[in-house]
Amino acid sequence: MIDNSKKILRDHIEKVVKLTDNEFDFVIGHFALQSFKRTQFIIQAGDHVKDVFFILSGLVKLFYMDESAKQHIVSFAMEDWWETDFNAYYAQRRAVFSLACLENTETYSLSLENFNRLCSGLQKMEHFFLMKSIAGHIGSQERILSFLTSDARARYENLINKSPSLLQRVPKATLALYLGVSRETLSRLGS
């Protein structure tokens, strides 16, 4: 997977900025390859968040557990996505969110120190991360707006249109939590 994982990361970056071989060698030197098992936590609430994770393969969920132990799923991240508790990562604080694997997952991790080195050493990467951040902000705002303005059916249909593979990869009870509906309601929406 190592050679293939490098190609996956390079292809992902080059959707935004082109890199020479020397530039990519510089980039890849800042990342660490990591593997996680299904159900394993990558980050737990309260942890010091050291890394952002690029998902090479697998599926993770970012969630918040409230005082009554109710789980609130913020997002799913699969191949070609980045995920972490971003506030904790950039501010070097303890996590509020947890990040757990729904499948065996392979990632490239990037520490904040290496992120800063990478951006200061190669301006193209600063531009790349800016474009990724903008896309992430837009996605978050769309999700918030969906919860404020859409009913359960519209949220379900939006999920099917944007990420149809989640229906096969995520347990129904977990999808229901993400959509803010009961398991029974999700079954009715899917029929």
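Located above this text is the structure these notes cover.
Here is what the cut-offs are and how they apply
Residues numbered from 1 in each chain as written. Predicted model: local features only at pLDDT ≥ 70, side-chain atom pairs only at ≥ 80, totals over all residues. Heavy atoms only, no water. Helix = DSSP H or I, 4+ residues; strand = E, 2+ residues; numbered from the N terminus. Rg over C-alpha atoms; globule rule 2.2 N^0.38 Å. Buried < 20%, exposed > 50% of the residue type's maximum accessible area, 1.4 Å probe, protein only. Contact = heavy atoms within 4.5 Å. Areas by Shrake-Rupley, 256 points an atom, 1.4 Å probe, with all protein chains shown as cover. Lys, Arg positive; Asp, Glu negative; His and termini not counted. Charge placed at Lys NZ, Arg CZ, Asp CG, Glu CD. Pairing = 2+ DSSP bridges. Phe/Tyr/Trp six-rings, centres within 6.5 Å; stacked < 30°, edge-to-face > 60°. Lys NZ or Arg CZ within 6 Å of the ring centre and 35° of its normal. Salt bridge = Lys/Arg side-chain N within 4 Å of Asp/Glu carboxyl O.

Engineer: Would you mind showing me how to read the overall build of the chain here?
Structural biologist: Along its length, the chain carries 9 helices and 8 strands. In terms of overall dimensions, the chain is globule-like: its C-alpha atoms have a radius of gyration of 17 Å, near the 16 Å expected for 191 residues. Viewed in the frame of its principal axes, the chain has a C-alpha envelope of about 55 × 35 × 30 Å. Across the 191 residues that make up the chain, the buried fraction comes to 44%. Residue pairs in contact within the chain that sit at least 24 positions apart in sequence constitute 70% of those at least 6 positions apart. On the chain, roughly 10500 Å² of surface is accessible, and the fraction owed to carbon and sulfur atoms is 53%. Placing the 23 positive and 22 negative side-chain charges of the chain at their respective mean positions leaves the two points 5 Å apart.

Engineer: Please clarify how the sheet that holds strand β3 (residues 51-57) should be interpreted in this entry.
Structural biologist: Across a sheet, strands are paired by hydrogen bonds formed along the backbone, either parallel or antiparallel in direction. The 4 strands lie next to each other as β1-β8-β3-β6, forming an open sheet whose pairing is antiparallel. Taken across any chain shown, the strands that pair with only one partner, and hence form the sheet edges, are β1 (32-36) and β6 (82-83). Looking at chain direction, β3 and β6 are connected through 2 bridges and run antiparallel. Residue pairing across strands places Phe-53 opposite Glu-83, the latter belonging to β6.

Engineer: Could you clarify how one ought to interpret the pairing of β3 in this entry?
Structural biologist: Side-chain direction in a regular strand flips from residue to residue, so the side chains alternate between the two faces of the sheet. Most of β3 is tucked away, with 6 of its 7 residues classed as buried. Direction of pairing for β3 relative to strand β8 (residues 105-111): antiparallel, over a ladder of 6 bridges. For Val-52, the partnering residue across the bridge sits in β8 and is Leu-110.

Engineer: Looking at this structure, I do not really get the packing of aromatic side chains. What am I missing?
Structural biologist: The relative placement of two aromatic rings is captured by the distance of their centres and the angle of their planes. Going through the model one piece at a time under the given rule, you end up with 15 aromatic pairs. Between Trp-82 and Phe-129, the aromatic rings sit 5.5 Å apart at their centres with planes inclined by 75°, giving edge-to-face as the arrangement. One end of the pair, Trp-82, is in strand β6; the other, Phe-129, is in helix α5 (residues 123-149), with 47 residues separating them in the sequence. You can call Trp-82 buried: its relative accessible area is 13%. On the basis of relative accessibility, which here comes to 9%, the residue Phe-129 falls in the buried class. Ring geometry for Phe-86 against Tyr-90: centres 6.2 Å apart, planes inclined by 20°, an arrangement best described as stacked. With Phe-86 and Tyr-90 both in helix α3 (residues 86-91) and 4 residues apart, the pair spans about one turn of that helix. Three or more aromatic residues joined by ring pairs make a cluster, and in this case those are Phe-31, Phe-54, Trp-82, Phe-86, Tyr-89, Tyr-90, Tyr-108, Phe-115, Phe-128 and Phe-129. In this arrangement the basic side chain of Lys-61 is found over the ring face of Phe-63, its NZ or CZ atom lying 4.9 Å from the centre.

Engineer: What should I look at first to understand the pattern of salt bridges in this one?
Structural biologist: When their charged atoms lie close together, side chains carrying opposite charge are able to pair. For the structure on display, the rule yields 10 salt bridges. Between Arg-10 and Glu-14 there is a salt bridge, and its shortest N-O distance comes to 3.2 Å. In terms of burial, Arg-10 and Glu-14 fall into one category: buried. Through salt bridges with shared partners, a single network forms among Arg-10, Glu-14 and Asp-21.

Engineer: Can you walk me through helix α8 (residues 172-179) in this structure?
Structural biologist: Structural remark: α-helix, 3.6 residues per turn; residues separated by three or four positions point the same way. By the burial criterion, the buried members of α8 are Thr-174, Leu-175, Ala-176, Tyr-178 and Leu-179. Each element contacted by the buried residues of α8 is listed here: β4 (59-65), β5 (71-78), α5, α6 (152-162), α7 (166-169) and α9 (183-190).

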